[in-house]
Amino acid sequence: MQLIDELGGRIWSWRIRTQPRTRDDIPRVERPVGWLPDFSATAIDAQRLHIVEFGTELAALDPGPGVADIVDHRLLRCVLARATWELDILQPWRFQPRFYVDQALGPVFDTLLRPGVDALRVREVVRLLDAVPNTVEVGRRNLSGHAYAEFADLAIGELSDVEIRIDTLSSALTALCPDVGDLVAESSGRASTALAGFRTWLMAQRSGMQPWRPVGTEKYSWFLREVAVLPYSASEVLFIGSVELDRAMTLELLERNRFARSKAQLPAVAGSAAAQAVREAALEAQVRDFYVAQDLLGQPADLGHYLNAPMPDYLEPLRFLGVTDDLTSATRLTENGVSYVPEPSPELPYFYAANALDPRAGIIHEGAHYQQLALSWRHERPLRRQFYDSAANEGIAFYNEEMMLAAGLFDDTPVTRGLIYNFMRLRALRVTVDVGLAVGTMTLDRAADHLATEVPMDRKTAVEEAASFAEGPGQAISYQIGKTQINALIADTVRAAARAGGESPAIREVHDHLWRNGNVPIALTRWEMLGLTDELAKVGVILPQGDR
C-alpha cells in the first residue's frame, strides 16, 4: 500500500496541476497557489512524457495479492488513461473552441463559487482574468486548421454577449469590494477584449473549418474499458439505456394517470430565491431524518449540510460555465455544500424549474453528491478520495433518487414523483444520445431534437446537453449505467446471502460502503465487497490463475 500511495500521490499532484478545467462539478479540484491553465505546445509535450513515465513506473509496481491494493493500482491506471483520453483521443485543446472559453473564464467561475467572497478572492479573480489573453492566444494557435465547425458555432454563440457578461461581472465585484475596483475594471477590460477577439477570429475562420467527426466505436469502447472501468461494450450500454427508457416511460405514464385521478394540486413555487433557500434548508433536514428513520444511510454527526442560496450577482453572468454549486473539498470538510439558485420564474431551465417546484428534487441528487464526496474525502485510503469516472458518482446520485422514491419520501407529493420518473426518462435518453454521438449514428442537431421532444425539455437545455455530450463522450451514460451496476450489486449481495443460508444484509450497510467508496468504479467495488471476479477481465484486471 505504501508504494502505491507514494506513486499515487505524485500522479495526483501532477494531475491536479494539469487536468483541464471542466463544467462538471464532480471533478473539480483545488489548484496549487498561483496555478494557471497551460495548454501550450511545450505543456502538452510535457504531459505526454509524464503519462509515459508514470505508466512505466506503475506497470513495474506489483500491487501484491491484496484486493484493496489491486483496486488502487487499477485506479491509477484509470487516471493515466483519462489523461490520454483527453490529451490524445478527444483532443479538445485542438478541436473544441469552447475548451478555451472554459480554461479562460472557468477558473474565475470556480473561484467565486465558495461563499464569502472578499477582497482577497477578488484579487485572485483579477490574476485569473489577467491570464485570459494568453489562454485565448494559445487557443488560436492550437485550433488553427483543426477546429470543428459545429463546435466553433457553440463557442461563437456563448461569446455573443461576452462583453456584457464580463462588464456585469466587473460591476458586481466592484460593488462588493470597491477598494479593488480599478484592478477589476482593468483586468476585466483586457479579458473582454481578448474573448471578443477570439469570437471574431472564430467567425472569420468558420467557413474553412472541418466538420465534426465522432470519436468512433473503437475509441469509445477503449474509454468504456480503460477509463470508465465498465464491463460493457457500446452495444450493451445502448441496450441497457433502451430497456431503462421503456421502463421509465411506462412508470411516468402510470404516475401521470395516478396524478390525474388524485385531484392533487401543484405545490406553490417560492416567491423568491431567498424564500426557496429557507424552504430547501428545512426540506434538507427532513431528507436527512428520513435516511435515518428508514435506516437507509448513515448520517455522521460531523457531516455538513447541502443548502441553497440566492444566485449572487457576480455568478449570474458566468452561470453558463458549469453547475452553480460548491460541493466543498477534501480540505473543507467542516463546511456546508451550497447550490446557488436563480429567482423563480416561468422561464427557468429544466433542472432549475424542477428544484423551484420541489427543492428535494435537487437534494436527492446534488445533495447526494455532496454527501458522497464528503464521505469519500474522509476515506482512509488516499487514492479513494479522488475522482476517476462519473459512473460511480452519478450512478449513486441517480440510484438515490429512485431509492428515496421507493422508500416513500414523496408519497404525499404526486408532482414530485412525476418529476423523478421524468429524470429517469432523461437519464435513459442520455445513453441513446451519448452512444449515438460517439459512434456516429446521431448528429448534434438530431441529438438536441431528440432530447427536446422525448424528455421533453426546453430547447436551450437540450442543445447544451447535446453539445456537452458530443464534446465529452462517455459522461452522459454514467447516470444510467452506474445506477444499473448498483442495482446489480445489491441484487448480488442478496443472492450471496441466500447461497450462504443467511439473511440479506442490512441495506444501510451496503449504502454506507457504496457512498464511502463512491469514487471507485462499481465493477471494482463489487469484487472488493463480494469477491465476484467474473467482470474483472472485462475491465482489465487479470488475476493470477490460482486467484480466479
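Keep in mind that what you see is a predicted model, and the values were worked out from it rather than measured.

Now for the pattern of salt bridges. Opposite charge on two side chains permits them to pair, given that their charged atoms come into close proximity. Per the counting criterion, the structure on display carries 52 salt bridges. We note a salt bridge from R332 to D326, for which the minimum N-O separation is 2.5 Å. Overall, the relative accessible area of 9% leaves R332 in the buried class. For D326, a relative accessible area of 7% translates into the label buried.

So, about the packing of aromatic side chains. One pass over the full model with this rule turns up twelve aromatic pairs. Their ring planes at 85° and their centres at 5.6 Å tell us that W12 and Y388 sit as a pair that is edge-to-face. Taken as a pair, W12 in helix 1 (residues 2-18) and Y388 in the loop between helix 16 (366-376) and helix 17 (390-407) lie far apart in primary sequence, 376 residues in all. For the pair formed by W12 and Y388, the shared burial category is buried. Residues F39 and F99 carry aromatic rings whose centres are separated by 4.9 Å and whose planes lie at 80° to one another, so their mutual orientation is edge-to-face.

Read across the sheet, three strands follow the order 1-3-2 without closing on themselves; strand pairing throughout is mixed. Whereas interior strands pair on both sides, the edge strands pair on one side only; in this sheet they are strand 1 (306-310) and strand 2 (325-326). The pairing of strand 1 with strand 3 (residues 337-341) spans five bridges and is parallel. When the sheet's bridge partners are listed, N308 is paired in strand 3 with S339. Along the sheet face, helix 13 (residues 273-293) touches strand 1 and strand 3 and points at about 170° away from the line of strand 1.

Attention now moves to the side chain of E244. Structurally, E244 can be placed in helix 12 (residues 234-262). The buried category is assigned to E244, whose relative accessible area is 18%.

The rules behind the values
Residue indices begin from 1 for each chain and proceed along its sequence in written order. Under the rules for a predicted model, residues below a pLDDT of 70 receive no local features and side-chain atom pairs below 80 are neither given nor counted, while totals for whole chains, interfaces and linings still include all residues. Calculation of side-chain values draws on the structure's entire complement of heavy atoms; hydrogens and water are dropped beforehand. Here, a salt bridge means any side-chain nitrogen of Lys or Arg that lies within 4 Å of a carboxyl oxygen of Asp or Glu. Classification of residues uses two cut-offs on accessible area relative to the type maximum, computed with a 1.4 Å probe and protein chains only: under 20% is buried, over 50% is exposed, and between them is partly exposed. Between the rings of Phe, Tyr and Trp (Trp by its six-membered ring), a pair exists once the centres lie within 6.5 Å; its type follows the angle of the planes, with under 30 degrees stacked, over 60 edge-to-face, and the other angles tilted. Per the convention used, a helix needs a DSSP run of H or I reaching at least four residues, while a strand needs a run of E reaching at least two, with both numbered from the N terminus. For two strands to count as paired, DSSP must find a minimum of two bridges between them. Residue contacts are defined here by distance: any two heavy atoms, one from each residue, within 4.5 Å place the two residues in contact. Every axis in this analysis is a line fitted to C-alpha atoms, fitted for helices over the stretch in contact. Angles between the N-to-C directions lie between 0 and 180 degrees.

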